[in-house]
Amino acid sequence: MRPRHGHRHRSLTPLFLAFGILLTLLAASPALAAGYRYWSFWEGAEGQWQYATQGPSTARPADGSALGFRFAVSQDAAAEAAKPRAAADFAAVCASTPAVEGRKRIAVVVDFGVPADAPAGDAPPQDTPRTACAQVAPDATAAEALAQAAKPLRYNSAALLCAVSGYPKQGCGEPIADAEDKQGPKPSAKPEPEPKPSAQSESEGGGPSTGLLAGLAAVAALAAAAVWQSRRRR
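This write-up is about the structure you can find in this document.

**What to know about the pairing of strand E4 (residues 104-111)**
- Within E4, eight of the eight residues are buried, leaving the element largely enclosed by the surrounding structure.
- Residues of E4 alternate between two faces, with Lys-104, Ile-106, Val-108 and Val-110 on one and Arg-105, Ala-107, Val-109 and Asp-111 on the opposite face, all of them buried.
- Bridge count between E4 and strand E5 (residues 130-136): seven bridges; the pairing is antiparallel. Bridge assignment links Val-110 to a residue of E5, and that residue is Arg-130.

**Quick look at the packing of aromatic side chains**
- As enumerated under the stated definition, the model contains six aromatic pairs in all.
- When the centroid spacing of 5.2 Å and the interplanar angle of 80° are considered together, the rings of Trp-42 and Tyr-51 count as edge-to-face.
- Given the relative accessible area of 15%, Tyr-51 is considered buried.

**Focus on the pattern of salt bridges**
- On inspection of all chains with the given rule, the structure shows two salt bridges.
- One salt bridge connects Asp-111 with Arg-70, and the closest N-O pair in it is separated by 3.8 Å. One end of the pair, Asp-111, is in strand E4; the other, Arg-70, is in strand E3 (residues 65-74), with 41 residues separating them in the sequence.
- When salt bridges with common partners are traced through the structure, they connect Arg-70, Arg-85 and Asp-111 into a single cluster.

**Describing helix H3 (residues 142-149)**
- Of the residues making up H3, those classed as buried are Ala-142, Ala-143, Ala-145 and Leu-146. Along the axis of H3, the buried positions cluster into a sector of 160°, meaning they face one direction only.
- Considering only its buried residues, H3 is in contact with strand E1 (35-45), E3, E4, E5, strand E6 (153-155) and strand E7 (161-164).

**Observations regarding the state of the cysteines**
- Evaluation of the coordinates by the stated rule reveals two disulfides.
- Disulfide pairing is shown between Cys-94 and Cys-133; the S-S distance is 2.1 Å. Between Cys-94 and Cys-133 the disulfide shows an S-S torsion of about 105°. By sign, it is right-handed. In this pair, Cys-94 sits in helix H2 (residues 90-94) while Cys-133 sits in strand E5, placing the two residues 39 residues apart along the sequence. Accessibility assignment for this pair places Cys-94 and Cys-133 in one class, buried.
- Between the sulfur of Cys-162 and that of Cys-172 lies a disulfide, 2.0 Å long from S to S.

Rules of the game
Residues numbered from 1 in each chain as written. Predicted model: local features only at pLDDT ≥ 70, side-chain atom pairs only at ≥ 80, totals over all residues. Heavy atoms only, no water. Buried < 20%, exposed > 50% of the residue type's maximum accessible area, 1.4 Å probe, protein only. Helix = DSSP H or I, 4+ residues; strand = E, 2+ residues; numbered from the N terminus. Pairing = 2+ DSSP bridges. Phe/Tyr/Trp six-rings, centres within 6.5 Å; stacked < 30°, edge-to-face > 60°. Salt bridge = Lys/Arg side-chain N within 4 Å of Asp/Glu carboxyl O. Arc of directions from axis to C-beta. Contact = heavy atoms within 4.5 Å. Disulfide = S-S within 2.5 Å.

Set out below in structure tokens:
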């Protein structure tokens, strides 16, 4: 009987190809997890900054709260994002602002970040964080408190906070390639939607991209088909 080694070799070829594609996708995944240049939103708790669980346009801080906003190149995750460089200290910020009946006081800290994180052709308005005590209506949102403390604000069509006090002049949460993280900012292409930290979306960031998951699924299907074909020929 004629040997069937050739058939077996041909049936395994798609399997080897599938694993090659899989390794390529996995090798490319760190680039997909690049940082973003964006305004992150923080809430004060016992003098410490905690990553906000919702966007500034929906959060309604109580009287005596401290809110922080930081512009930086950071990962789309609470553990990786850069915190405001000023303390979450309501008493210190609002000490000279007397309480008014029917209004609430909110300490607002705006940190424009460092020059290295600025978009090409732009620069932070000031080196140190700005603080202000916003006095707003009892049901006012964090966005309203920020607007009183640091106009003008700029949002995109998805209600994403893009600029505070006019900074930055352009862009809104662009993904930053690894090369740019190491070599400094470069002129960016058309702005893309910003990640969750300053957005109003409820989805969590930091995971693999949809394209990567689809690629892995396709590779798995191709590998399964190759194995089935190999067994069928045997």
